[in-house]
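Structural features, examined
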Amino acid sequence: MLGLRLFNLKGGVTEVVSRLAEVEGDVQDLVEAHMEAMLGVTFLASEYSTGPVHGGRVDSLGIDENGSPVVIEYKRSTDAGVINQGLFYLAWLMDHRDAFRRLVRDRLGAQAAARVRWSAPRLICVAGDFTRYDLHAVREHRHSIDLVRYRIFGGEHFGLETVASTGGTRTPASAGRRRGTAREERAERLDGAMGELAAAVDEVLLGLGEGVTKVENQTYTAYQRLQNFACVCSRKSRLLVYLKASPIEIELVPGFSRDVTGLGHHGTGNLEVRLHSERDLERAQELFRMSYAAA
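One structure accompanies this document, and this report is about it.

Calculation criteria
- Each chain carries its own residue numbering, running from 1 in the direction its sequence is written.
- Whole-chain, interface and lining totals are the exception, using all residues; otherwise, since this is a predicted model, local features are given only for residues with pLDDT of at least 70 and side-chain atom pairs are given and counted only at 80 or more.
- Hydrogens and water molecules were not included; the side-chain quantities draw on all heavy atoms of the structure.
- Runs of E in the DSSP output that reach at least two residues are strands. Runs of H or I that reach at least four are helices, and both are numbered from the N terminus.
- To estimate how far a helix should reach, multiply one less than its number of residues by 1.5 Å.
- In this scheme, a residue with accessible area under 20% of its type's maximum is buried, one over 50% is exposed, and one in between is partly exposed, where area comes from a 1.4 Å probe on protein chains only.
- A carboxyl oxygen of Asp or Glu within 4 Å of a side-chain nitrogen of Lys or Arg is what we treat as a salt bridge.
- Throughout, nonpolar core names a set of buried Ala, Val, Leu, Ile, Met, Phe, Trp, Tyr and Cys residues whose side chains join them through atoms within 4.5 Å.
- In what follows, a contact means two residues having at least one pair of non-hydrogen atoms within 4.5 Å.

Considering helix H4 (residues 82–95)
Look at H4: 20 Å from first C-alpha to last across 14 residues, which is about the 20 Å you get at 1.5 Å a residue. Buried within H4 are the following residues: Val-82, Ile-83, Gly-86, Leu-87, Tyr-89, Leu-90, Trp-92 and Leu-93.

Below you can see the structure in the form of structure tokens.
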């Protein structure tokens, strides 16, 4: 289990009793209404038709924080066909890129459509539970797949738990934690002390827990669970790390951390941390853990 996240749907006091939804559509409606908060994915379309020849409907289409297309499939309980069904639609999506770009352009504008990232399209399966065969299939597959178990608690909380995740072309945490691997990759792109610092940051972020994957973009490197919890931008004399930890819940330190809510920057997150040395990295590790927990 990679961590249960509860989302308060109404507020107030609730009796926390776990249950499944009455029908699959209830799960879909809840996730689509809160998709960005729950999954880090911008909602684009519901029940998207794949046309008369293909003859299907994608439960939900979205685009994640890093520009990757996302197919989301839902099942009320356990369904052995959920992964294959999702991959069926993911294959269709890869063969119909222009249709997806038009959808993004119509919903989010031309700039968002131009930033669509096709190197790692994602499948997210949300279901009441999964079989051991599902977990094995995810580990063996080359695509980016997240299996997410849901539960409803009382009438006011909706819980999501990532039970398996594979990164496709994203970098899995196990590879990043091999001694020397992460440091060597970073050092190739940055010279001297900054290269060593970037490699150390990479090693710390990948080592925060299970299910962490790394997404390389042109302007930043994102570290994800279901959604980004850290985005690292490299500069000649420092690293800028943007975190999902709330800036209003910590004591900001001038020159080290600042609130960038509403300010434009690469990556995602409202807390900026500036790292000039490995001493700064030591100071930042508690903030990294807070952001990992928030995601």
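Next, the rest of the story.
Digging into the pattern of salt bridges
Per the counting criterion, the structure on display carries 14 salt bridges. Asp-79 is the salt-bridge partner of Lys-75, the closest N and O atoms lying 3.9 Å from each other. Residue Lys-75 is classed as buried on the basis of its relative accessible area, which comes to 12%. Residues Arg-258 and Glu-272 are paired through a salt bridge, measuring 2.7 Å at the closest nitrogen-oxygen approach. Placement of the pair is Arg-258 in strand E14 (residues 257–259) and Glu-272 in strand E15 (residues 271–275), with a sequence separation of 14 residues.

Topic: the nonpolar core
Grouped together as the largest cluster of nonpolar side chains are 29 residues, with contacts concentrated most on Leu-61, Val-71, Ile-83, Leu-93, Phe-100, Val-104 and Leu-147. Within the residue set of this core, elements represented by two or more residues are strand E3 (41–49), strand E4 (57–64), H4, helix H5 (97–108), helix H6 (110–114), strand E6 (122–127), strand E7 (144–153) and strand E8 (157–167). The element best represented in this core is H4, accounting for seven residues. Here Val-104 is in contact with Leu-44, Ile-63, Gly-109, Ala-112, Ala-113 and Val-116, once residues within four sequence places are set aside. Membership of the second largest hydrophobic core comes to 28 residues, among which are Met-194, Ala-198, Ala-245 and Ile-250.

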